[in-house]
Amino acid sequence: MLEIGGLLKEGKGKRLYATNDPDTCVVYFKDEAMAFHGLKRGRILGKGEVNNAVCKHIFEMLTEKGVENHFIRQLDARQSLVKRVEIVPFAVKVRNIVAGSLARRIGYPIGTKLDTTVLECVLRSAEDGDDPLVNTTHILAMKLATEEEVNQMLAMARRVNEILVSYMREINIEVIDFKLEFGRYHGKIILADEITPDTARFWDARTHEPLDIDRFRRDLGNVEQAYQEVLHRMMGEE
Ligand code: CDP
């Protein structure tokens, strides 16, 4: 019998609880939203349920396609059981179209299609500002991961992108960019964290309107509706 234990960690959009099994933990998806490193806070009604369902859908699809990830099963509307991993202390951003900090860094207009996929490793930063970009030599010098692990993460990020872009195209959503986090599970690198409108930029393919956290960040309105819309399309309820 699964027993949910104490709080391990609380982040922007999720809480993580221990279980009576040292190999698993429970993710609880919150409605709270945060932007600009905590300077803007609010609540997106129903976001927790949408993100839990979106993660289940995407992670199960990735598992089917051979991308190992932390998802085990959904427990209820807001909670899922996942493998308990040691999180690798940098994230990988995958970009197909210019937006956000990349537009600032390279000076290309938002919406510019990139001819080839851009992968960025970033440190988690608590400070206000763009996440510090690091390359493999920084990661090795800081002993954040081995070279083999970095290569595995970058290859997995590319594969996730291929799968996500082609799936989302079918439901008329453009995948602009997203952020992945990985973990070590019994010594092996697996995909962890979440893939949701909180950590990705999803645009409606027809109108190019954001269907993601940018609606909250930029006060674009219809935030709840945008999250629901992503889930509806995934469930074939368009
Ligand atoms: O979104 P922002 O301008 O802060 O940063 P970005 O570098 O343009 O973000 C690229 C992608 O990573 C976007 O889909 C963000 O939503 C996501 N991201 C995230 O999930 N968590 C962060 N702390 C920063 C970015």
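Residues numbered from 1 in each chain as written. Predicted model: local features only at pLDDT ≥ 70, side-chain atom pairs only at ≥ 80, totals over all residues. Heavy atoms only, no water.

A.B. asks: Account for the overall build of the chain, naming residues and giving values.
C.D. replies: Looking only at helices and strands, one finds six helices and 14 strands in the chain. For 238 residues, the compact-globule estimate of 2.2 N^0.38 gives 18 Å, and the C-alpha radius of gyration of the chain, at 17 Å, lies within 12% of that figure. Along the first, second and third principal axes, the C-alpha atoms of the chain reach 50 × 45 × 35 Å. Across the chain, contacts joining residues at least 24 apart in sequence account for 57% of those joining residues at least 6 apart. Accessible area of the chain: about 11800 Å², with a carbon and sulfur share of 51%. Averaged over its 34 positive side-chain charges, the chain has a centre that lies 2 Å from the centre of its 38 negative ones. (Helix = DSSP H or I, 4+ residues; strand = E, 2+ residues; numbered from the N terminus. Rg over C-alpha atoms; globule rule 2.2 N^0.38 Å. Contact = heavy atoms within 4.5 Å. Areas by Shrake-Rupley, 256 points an atom, 1.4 Å probe, with all protein chains shown as cover. Lys, Arg positive; Asp, Glu negative; His and termini not counted. Charge placed at Lys NZ, Arg CZ, Asp CG, Glu CD.)

A.B. asks: Could you give me a rundown of the site of the ligand, with the residues and numbers involved?
C.D. replies: Taken together, 15 residues surround the ligand, and among them K93, R95, S101, D177 and R201 come closest. Measuring from an oxygen atom of the ligand, one finds a side-chain N or O atom of K93 at 2.6 Å. A distance of 2.6 Å separates an oxygen atom of the ligand from a polar atom in the side chain of D177. Protein chains bury 85% of the 490 Å² of accessible surface belonging to the ligand in isolation. Elements that contribute at least two residues to the shell around the ligand include exactly β9 (90-97), α2 (100-106), β12 (173-185) and β14 (200-204). Of the residues contributing to the shell around the ligand, the split by class is three nonpolar, three polar and nine charged. (Near = heavy atom within 4 Å. Polar contact = N/O pair within 3.5 Å; in protein donor to acceptor, adjacent residues only side chain to side chain. Nonpolar A, V, L, I, M, F, W, Y, C, P; charged D, E, K, R; others polar.)

A.B. asks: With reference to specific residues and values, describe the sheet that holds strand β7 (residues 79-83).
C.D. replies: Read from one edge to the other, the open sheet built from five strands follows the order β1-β2-β3-β7-β6, with strand pairing classed as antiparallel. What marks the edges here is a single partner per strand, and that holds for β1 (4-10) and β6 (71-74). The mean inter-strand angle of the sheet, taken between neighbouring strand axes irrespective of direction, is 30 degrees. Across the face of the sheet, helix α1 (residues 47-64) comes into contact with β3 (24-29), β6 and β7 while running at roughly 130 degrees to β6. (Pairing = 2+ DSSP bridges. Axes fitted to C-alpha atoms, helices over the stretch in contact; angles between N-to-C directions.)

A.B. asks: Outline the pairing of strand β4 (residues 32-35), listing residues and values.
C.D. replies: Judged by which residues are buried, β4 turns out to be one-sided: A33 and A35 face inward and are buried, whereas E32 and M34, on the alternate face, are not. For β4 and strand β5 (residues 40-43), the ladder comprises four bridges, and the chain directions are antiparallel. Residue A35 lies in a different strand from β5, and its bridge partner there is K40. What sits between the antiparallel neighbours β4 and β5 is a turn of four residues, in which F36 has the positive phi angle 50 degrees. (Buried < 20%, exposed > 50% of the residue type's maximum accessible area, 1.4 Å probe, protein only.)

A.B. asks: Describe the pattern of salt bridges, naming the residues involved and giving the relevant values.
C.D. replies: The full count for this structure, using the stated rule, is 29 salt bridges. Two residues, E32 and R43, come together in a salt bridge whose shortest N-O distance is 2.9 Å. A residue pair is termed long-range when its members are at least 10 positions apart, and E32 in strand β4 and R43 in strand β5 qualify at 11 residues. Salt bridges here are not isolated pairs; linked through shared partners, they connect R95, R105, E120, D177, R201, D214, R217 and R218. (Salt bridge = Lys/Arg side-chain N within 4 Å of Asp/Glu carboxyl O.)

A.B. asks: Can you lay out the nonpolar core for me, pointing to particular residues and giving the numbers?
C.D. replies: In terms of nonpolar packing, the biggest core is built from 56 residues, with L62, F90, M168, L180, F182 and L191 touching the most fellow members. The element contributing the most residues to this core is helix α4 (residues 147-170), with nine residues. When sequence neighbours within four positions are dropped, the list of residues in contact with L180 reads A91, V92, V94, A157, V160, L191 and I195. (Core = buried A, V, L, I, M, F, W, Y, C linked by side-chain atoms within 4.5 Å.)

A.B. asks: How would you explain the pairing of strand β13 (residues 188-192) if you had to name every residue and give the values?
C.D. replies: Of all five residues in β13, four are buried; the element is thus mostly enclosed. Where β12 lies against β13, five bridges are found, and the strand directions are antiparallel. From the neighbouring strand, Y185 faces β13, where its bridge partner is K188. Connecting β12 to the next strand, β13, in antiparallel fashion are two residues, including H186 with a positive phi near 50 degrees.

A.B. asks: Quick rundown of α4? Include the residues and the values.
C.D. replies: Taking 1.5 Å per residue as the helical rise, α4 with its 24 residues ought to reach 34 Å, and the 35 Å between its terminal C-alpha atoms agrees with that figure. Listed in full, the buried residues belonging to α4 are E149, V150, M153, M156, A157, V160, N161, I163, L164, Y167 and M168. Backbone geometry just after α4 places N172 at a positive phi near 60 degrees. (Expected span 1.5 Å × (residues − 1).)

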